[in-house]
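Coordinate analysis (summary)
Take a look at the letters that make up each chain.
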Amino acid sequence: MRTNFLIGMVVALATVVPTAYAADTINAAGATFPAPIYQKWFQEYHSAHGDVQINYQSIGSGGGIRQLTEGTVDFGASDMPMNNEQIGKITKFKVLHFPTVLGGVVPTYNIEGVNAELKFSAEALAGIFIGKITKWNDAAITRDNPGVKLPNADITVVHRSDGSGTTFVWTDYLSKVSAEWKGKVGAGTAVNWPVGLGGKGNEGVSGQVKQTPNSVGYVELIYAVQNKMPYGFVKNASGAYVKATFDSVTAAAAGAAKDMPADFRVSITNASGKTAYPISSFTWLLIPDKIGDATKREAIKGFLKWMLAAGQNDAAGMSYAPLPKPIVAKELKQIADIK
Amino acid sequence: MATAAQSVPGRARTFLKNVRAGDEIAYLITFVFAASVVLITAILVFELWVKSGASIHKFGFNFLHTSTWDPVNDEFGALPFVYGTIITSILGLLLSVPLGVGAAIFLSELAPPKLSNALTFLVELLAAVPSVIFGLLAIFALVPLMRSFVQPWLISAFGWSPFFKGPPYGFGVLTASMVLAIMMFPYIISISREALIQVPREQREAALALGATRWEATWDAVVPFARLGIVGSVFLSLARALGETMAVTMVIGNDPKINASILAPGYTIASVIANEFTEATGDMHLSALIELGLVLFLITIILNGLGQLLLMLTTRQGTAR
């Protein structure tokens, strides 16, 4: 009886387990910032196309690039484009970058007695984060905020302590607008911060900003919106003060669309355009241009087509900025390169 | 068994054989388990060594005594992290050992049994709380308290010394040490209390018979007897403090600089690995983080070795006296 039951169990398991994984299970890994919308996309696509199952592990952009390089996943995802050195390491295929959605990074602050929405120039932000502007009533800040009474208080800078795409976008922006920042600190997922406290994750930074009087930090736009945090206007390359919204972030991408390189590896911080929010960025899927398994190849291509059309409608609802039309058109062409 | 062997020799022989075989099997199995500990440690060190090869090769010993941590330009020095790890652990110990040992003495020697049982239960509950919970508690309760009251007071009272300088952020080395102290506290109490309870009754009675007061008997006769267990509890909690990640990351301020002031932000090895590992895109960055893991391993071994040495010295002294 009992052995029969055991044998039965084993047989049942042996038949069930492979079927659950046999169909097109595609494995992907990478960035955490777009993970919520990716999960939603993969799930929606699976319910529409039952035979395509995409598993996404949000292990971070660095992890995504590494796993793609080692060939342990079918495709990766990253908040920053791969650099030439990283691309050079992959010999079996060429990596195609597909922008999926956009995000913005905003300066958030907590100043005692100030409820107004502050305006920041690029010089002010760079000065604060490099440690040259140390008081809230510094001329570089008050100049942009006539009518706001800023206190004569020390600024406490809060930055991300964990490596993150958010930090990359923020430091990439500062590198573009400040030669001093570029020389001294540079851009990266983690940098050698000249001043300030480090908080882990968006929640760590916002927690420290909320708790520390007269502090300033930076968080993802989505996070600031969802948590109703105050965040400032930033002066863009055209000299206009722009508040980060989905529209102004998409506008930054549209501004970059004209001179978008063919491989989509582009930073859109400090983009031109009157309405462009200057601290914006794409996030990318990293797809190999050669996929041996035909079913997987067609499944991934199918998903990309769907993502660029119907998928984009999910973006705003999930607090991501959708791609501008000209970029979608360019990406649709690139799908044909997957062979 | 001997009588059984005589009465029914055949059966007994097989029985004995089985038992012997059983012994051997048990020996083998437990040996494999014990060996796996060594094996896992060896694999761990080997892996850390191999994966950190690029960093070891590039920086050599400079890794240990330079303090630049710049992932953008691939310059890595471990000193601020080593310093932060050791200073928070030691400060944590300084805060928690007197409290913990004191509480253990109260619970085992002085408190009425009912109270002692209830408190012991609570202490053991405390030991099981995940560290991230302590971190949250620290962010919401300890940090504001430190910023508004403790640190301004420390600065006004001791601000003349370099150790209590700087703005009262609330976050920082001292706050992290306090969280560590709170986390080490239940370990020290729990193990020290066990050690104190194990002290034979005669030890107490003899002291009391010589005319000692209750406190004198406790302090002069019972505590020295349990010294081994108490020191053991200290080193176990030190090991926990060295490797603690989440709770420390949440309150230390995560700034890789060496500052004399314990109010300033700092950084620990475990924190920086947890923070930067997932998004370390550069190979050298990754390699340096893994080398930090190796350094943490070494620190743990050295401190534990020192602990064993201390233990040996004190016990020898004890028996000689």
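Along each chain, the written sequence defines residue order, and numbers are assigned to residues from 1. Whichever chain is written first becomes A and whichever ligand is written first becomes 1, with later ones labelled in order. Restriction of local features to residues with pLDDT of at least 70 applies here, the model being predicted, together with a cutoff of 80 or more for giving and counting side-chain atom pairs; totals for whole chains, interfaces and linings are based on all residues.

**As for the overall build of chain A**
Under the scheme used here, helices are H or I runs from DSSP no shorter than 4 residues and strands are E runs no shorter than 2 residues, and both carry numbers assigned from the N terminus. Tallying secondary structure elements over chain A gives 13 helices and 11 strands in all. With C-beta atoms placed from the backbone, a residue counts as buried when 20 or more other C-beta atoms lie within 10 Å of its own, as exposed when 12 or fewer do, and as partly exposed for counts between those limits. By residue count, 50% of the 339 residues in chain A fall in the buried class.

**Describing the overall build of chain B**
Summing up its helical and strand segments, chain B has 14 helices and 2 strands in all. In this setup the radius of gyration rests on C-alpha atoms only. A globule is expected at 2.2 Å times the number of residues raised to 0.38. Over its C-alpha atoms chain B spans a radius of gyration of 25 Å, topping by over 25% the 20 Å that the globule rule assigns to 321 residues. Expressed as lengths along the three principal axes of its C-alpha atoms, the size of chain B is roughly 85 × 60 × 40 Å. Buried residues in chain B amount to 37% of all 321 residues. Contact between two residues is assigned when their C-beta atoms, built from the backbone, lie within 7 Å. Contacts in chain B between residues far apart in sequence, at least 24 positions, make up 76% of those at least 6 positions apart.

**Brief notes about the domain arrangement of chain B**
All names here are of chain B. Taken as a whole, chain B is organised into domain 1 (2–51) and domain 2 (59–317). A straight line from the C-alpha centre of domain 1 to that of domain 2 covers 39 Å. At the junction of the two partners, domain 1 supplies 4 residues and domain 2 supplies 5 residues. The residue makeup of the side of domain 1 that touches domain 2, split by class, is 3 nonpolar, no polar and 1 charged. Each domain's limits were defined by an automated method or a database of domain assignments. All amino acids are sorted into three groups, where Ala, Val, Leu, Ile, Met, Phe, Trp, Tyr, Cys and Pro are nonpolar, Asp, Glu, Lys and Arg are charged, and the leftover types, Gly among them, are polar.

**What to know about the interface of chain B and chain A**
Each partner contributes residues to the interface: chain B has 25 residues there, and chain A has 29 residues. Of all elements in the fold, only β1 (69–70), α7 (131–158), α12 (246–252) and α13 (269–276) of chain B reach the threshold of two or more residues within the side of chain B that touches chain A. Considering every element that reaches the side of chain B that touches chain A, the biggest residue donor is α7(B), with 3 residues. In terms of residue class, the side of chain B that touches chain A is built from 12 nonpolar, 9 polar and 4 charged.

**Brief notes about the nonpolar core**
Any nonpolar core is a set of buried residues, restricted to Ala, Val, Leu, Ile, Met, Phe, Trp, Tyr and Cys, that join up through C-beta atoms within 7 Å. Judged by nonpolar contacts, the single largest core of 168 residues is most densely connected at Ala252(A), Leu286(A), Ala138(B), Val179(B), Met184(B), Ile188(B) and Val251(B). At 17 residues, the largest contribution of residues to this core is made by helix α8 (residues 173–197) of chain B. Other than its neighbours up to four places away in sequence, Leu286(A) contacts Gly64(A), Leu68(A), Phe75(A), Gly76(A), Ala77(A), Ser78(A), Met82(A), Val95(A) and His97(A).

**Brief notes about helix α12 (residues 294–317) of chain A**
Residue and element names in this part refer to chain A. Each helix should span, by expectation, one fewer than its residue count multiplied by 1.5 Å. Between its first and last C-alpha, α12 extends 34 Å over 24 residues, near the 34 Å set by a 1.5 Å rise per residue. We define the bend at any residue as the angle between the axes fitted to the seven residues before and including it, ending there, and the seven starting there. If you look at α12, its biggest bend is around 55°, right at Gly311. By the burial criterion, the buried members of α12 are Ala299, Ile300, Phe303, Leu304, Met307, Leu308, Gly311 and Ala315. Once α12 ends, the next one or two residues include Ser319, with phi positive near 70°.

**Some words on the sheet that holds strand β10 (residues 241–242) of chain A**
Residue and element names in this part refer to chain A. Two strands pair if DSSP finds at least two bridges between them. Strand order in the open sheet made by the 3 strands is β5-β9-β10, with mixed pairing throughout. Of all the strands in the sheet, the pair left with one neighbour each is β5 (119–120) and β10. Examined bridge by bridge, strand β9 (residues 233–235) and β10 share 2 bridges and lie antiparallel to one another. Residue pairing across strands places Val234 opposite Val242, the latter belonging to β10.

**So, unusual backbone geometry**
All names here are of chain A. Although it is not a glycine, Lys228 sits at a positive phi angle of roughly 50°. In this fold, Lys228 is placed in the loop between α10 (221–226) and β9. With 6 C-beta atoms counted inside 10 Å, the residue Lys228 sits in the exposed group.

**With respect to the pairing of strand β11 (residues 280–288) of chain A**
Residues and elements named next belong to chain A. By the criterion of burial, β11 is predominantly enclosed, with 9 of the 9 residues buried. Taking every second residue as pointing to the same face, both faces of β11 are buried, with Ser280, Phe282, Trp284, Leu286 and Pro288 on one and Ser281, Thr283, Leu285 and Ile287 on the other. In the sheet, strand β3 (residues 75–78) pairs with β11 via 3 bridges, with the strands oriented antiparallel. Looking at β11, one finds that Ala77 is bridged to Leu285.

**Quick notes on the confidence of the model for chain A**
Residue and element names in this part refer to chain A. pLDDT expresses, on a scale from 0 to 100, how confident the predictor is about each individual residue. Mean pLDDT over chain A works out to 88, with 93% of the residues at or above the 70 mark. Least confident of the elements in chain A is helix α1 (residues 2–22), whose mean pLDDT is 48; most confident is β5, at 96. The low-confidence segment residues 11–22 (pLDDT under 50) makes 0 contacts with residues lying over four places distant or belonging to another chain.

**So, the environment of Asn152(A)**
Residues and elements named next belong to chain A. Structurally, Asn152 is set in the loop between α6 (139–142) and β6 (156–160). In sequence terms Asn152 and Lys135 are 17 residues apart; their C-alpha atoms lie 6.0 Å from each other. In this structure, Asn152 is in contact with Lys135 and Asn137, ignoring residues within four places of it in sequence.

**Points about the environment of Ala29(A)**
Residues and elements named next belong to chain A. Assignment of secondary structure puts Ala29 in strand β1 (residues 24–30). When the C-alpha atoms of Ala29 and Ser58 are compared, they prove to be 5.8 Å apart, with 29 residues separating the residues in sequence. With residues near it in sequence (within four places) discarded, Ala29 still touches Tyr56, Gln57, Ile59, Gly63, Gly64, Gln67, Val73 and Gly76.

**A look at the confidence of the model for chain B**
Residues and elements named next belong to chain B. Per-residue confidence for chain B gives a mean pLDDT of 88; residues scoring 70 or more make up 93%. Long-range and interchain partners of residues 1–5, a stretch whose pLDDT sits below 50, account for 2 contacts in this model, where long-range means more than four residues apart. The complex model carries a pTM of 0.81, and its ipTM stands at 0.75.

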